[in-house]
Structure formats: C-alpha cells, structure tokens
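Architecture and fold: a report
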Amino acid sequence: MINPQSNRPGFTILEIAVVIAILSILLTMTLFVSFDAISRTGLRSAENVVVQMVRRAQTQSQNNVSGSQWGVYICEGNPVQSACTGKAAIITYERDEFDTQDADDSVFEINPNIVFTGTLYDKMRNSTEGGGSDDKGITFTRFTGDPLKPTFSGTIIMTLNDEARTVSVNGKGIVER
C-alpha cells in the first residue's frame, strides 16, 4: 500500500506559483527599463548626429569643398515630409538651400518619434527672411563658415518620451550642447 503522506522531497504547487510570479515581475521590470534605456540612447544618438552634421557642413563650407556652400536639414515626424523621401533623417546638403533630397546628400536616419522644436529649428523649416525666399535648412557661407543668414542662431530641442536634449548654434555657427 502506498502512503499518501510520504516524505518525498519536492515543491508544492503554491511554491511553484510564487516563484513564477516573482520571475514574471522581474522580467516585466527588466523590459520596461530596457525600453527606456533604448529610447534614451536613440535621443542621445540624434543629438550627437545633429551636432556632428552641423559641424561637418560648416567645415565643408569653410574648406570650400566642391566650391559650394554646405548646410543641414532635419527631416522629422510622422509622417515624414515628402522632400525627405519618407525617412526621418538629418541631412547635409551641398547647395544654397534644401528643397528635396538629392543622391549626393549625406543622410543619417533617426527615430521618427523624436519631436523637434526650438527657435533655430523653426527658422530652418519656415524661413522667409532675407528677400522673401523660402530657404530651408541652415546653410554656411564658404570660407568663413558663418550661417548664410546671420539670424540663423538659436536652439534645436529634441524630445522623446518626456526626455529632451538641446543643441544651440550661435550667429557665428558655433555649436553647443
């Protein structure tokens, strides 16, 4: 006859359920922390790219590369404007203004959920200064590297999931974080 109360080692259903519940809670917490870290990394990456692309365009203009002025344009948002061929990106271009993306442009894709604001960003997107032209982007003059339009200074603020990063460009084209 089998004794139903034998002293065999093992776990009860209750003990197994408690362990599974604890593991589930730990896994959930780890996923939330991971997603948050990934989004912060994407925002930092976009900040670094903005700084580097502005500095690159300014340096290309100062060095008169290809005998042209160079500039930077930010394609952002959902949906991305058609001038950017459907990609959220930061673009350096070799001409006086950005109208549509060319094959020769340097393009760095970014997270399309990053929201851009700020005084310089607004000027880059909606400029009608200086003769009523519809220039887009921030373009730097050859040799000096100053912004083509002296009023093109201010901030670019990038926001993602309630975290923000700011990049400033002054009237001489100097970039600061």
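1. Section: the overall build of the chain
Check the secondary structure of the chain and you find 2 helices and 8 strands. Helices and strands in the chain line up, N terminus first, as α-β-β-β-β-α-β-β-β-β. Scored against the burial criterion, the 177 residues of the chain give a buried share of 36%. Across the chain, contacts joining residues at least 24 apart in sequence account for 56% of those joining residues at least 6 apart. Carbon and sulfur atoms form 58% of the exposed surface of the chain, whose accessible area is close to 10,500 Å².

2. Some details on helix H1 (residues 13-62)
For H1, built from 50 residues, the straight-helix expectation of 74 Å at 1.5 Å per residue is met to within 8% by its first-to-last C-alpha distance of 73 Å. Immediately beyond the C-terminal end of H1, within one or two residues, lies Asn-64, with a positive phi of roughly 55°.

3. Looking at unusual backbone geometry
In this structure, Ser-66 takes a positive phi of about 60° despite not being glycine. With respect to the helices and strands, the residue Ser-66 is situated in the loop between H1 and strand S1 (70-75). One non-glycine residue, Asp-162, lies in positive phi territory at about 65°. Structurally, Asp-162 can be placed in the loop between strand S6 (154-160) and strand S7 (163-169). Assessed through its relative accessible area of 82%, Asp-162 is described here as exposed.

4. Focus on the sheet that holds strand S2 (residues 89-93)
As summarised here, the arrangement of the 4 strands in space is S3-S2-S1-S5, forming an open sheet in which the pairing is antiparallel. This sheet does not close on itself; its edge strands, each paired only once, are strand S3 (106-109) and strand S5 (138-140). Across the sheet, the axes of successive neighbouring strands diverge by a mean angle of 15°, strand direction being ignored. Taken strand by strand, H1 contacts S1, S2, S3 and S5, and its axis lies near 155° from that of S1.

5. Examining the packing of aromatic side chains
Within the structure shown, the criterion is met by 3 aromatic pairs. Summarising the aromatic geometry, the rings of Tyr-93 and Phe-98 are spaced 5.8 Å apart at their centres and angled 55° between planes, so their arrangement reads as tilted. In terms of burial, Tyr-93 and Phe-98 fall into one category: buried. Chaining the aromatic ring pairs together yields one cluster made of Tyr-73, Tyr-93 and Phe-98.

6. Thoughts on a nonpolar patch on the surface
On the surface, Leu-14, Val-18, Val-19, Ile-22, Leu-23 and Leu-26 cluster together into a nonpolar patch covering about 580 Å² of accessible area. With respect to the element layout, Val-19 can be found in helix H1. Relative accessible area serves as the criterion here: at 47%, Val-19 is assigned to the partly exposed category.

7. Observations concerning the sheet that holds S7
As summarised here, the arrangement of the 4 strands in space is S4-S6-S7-S8, forming an open sheet in which the pairing is antiparallel. Edge positions in the sheet fall to strand S4 (115-117) and strand S8 (175-176), since each has one partner strand and no second. The sheet contacts of H1 involve S4, S6, S7 and S8, and relative to S7 the element is tilted by about 5°.

8. Side note on the nonpolar core
Of all hydrophobic cores here, the largest spans 28 residues; its most connected members are Val-50 and Phe-116. Secondary structure elements with two or more residues in this core: H1, S1, helix H2 (119-126), S5, S6 and S7. Sorting elements by how many residues they give to this core places H1 first, with 8 residues. Sequence-distant contacts of Phe-116, that is, excluding residues within four places in its chain, are made with Val-50, Ile-74, Glu-76, Ile-110, Tyr-121, Ile-156, Ile-157 and Met-158. By size, the runner-up hydrophobic cluster in this structure holds 8 residues, among which are Tyr-73, Ala-83, Ala-89 and Phe-98.

About the criteria used
- Chains are numbered independently. Their residues run from 1 in the order of the written sequence.
- A pLDDT threshold of at least 70 governs which residues receive local features in this predicted model, and a stricter bar of 80 or more applies before side-chain atom pairs are shown or counted, although totals over entire chains, interfaces and linings include all residues.
- Computation of side-chain values: all heavy atoms of the structure, hydrogens and water removed.
- Secondary structure elements are taken from DSSP: a helix is a run of H or I of four residues or more, a strand is a run of E of two residues or more, and numbering for both begins at the N terminus.
- Relative accessibility under 20% of the residue-type maximum defines a buried residue, over 50% an exposed one, and the middle range a partly exposed one, all with a 1.4 Å probe and only protein chains included.
- We call two residues in contact whenever any of their non-hydrogen atoms come within 4.5 Å of each other.
- Computed with a 1.4 Å probe, the accessible areas rest on the Shrake-Rupley method; for each residue, only the protein chains presented here act as cover.
- Expected helix span is taken as 1.5 Å per residue step, with the number of steps being one fewer than the number of residues.
- Any two strands with at least two DSSP-identified bridges between them are counted as paired.
- Structural elements are reduced to axes, namely lines fitted to C-alpha atoms, with helices fitted over the stretch in contact, and the angle between N-to-C directions of any two is expressed from 0 to 180 degrees.
- Aromatic contacts are taken between Phe, Tyr and Trp rings whose centres are within 6.5 Å, Trp giving its six-membered ring; a plane angle under 30 degrees counts as stacked, one over 60 as edge-to-face, and the others as tilted.
- Here the term patch refers to residues with relative accessible area over 30% and no salt bridge, with like charges joined within 9 Å and nonpolar side chains (Val, Leu, Ile, Met, Phe, Trp, Tyr) within 5 Å.
- Just to be clear on terms, a salt bridge is a Lys or Arg side-chain nitrogen sitting within 4 Å of an Asp or Glu carboxyl oxygen.
- By nonpolar core is meant a set of buried Ala, Val, Leu, Ile, Met, Phe, Trp, Tyr and Cys residues that side-chain atoms within 4.5 Å join together.

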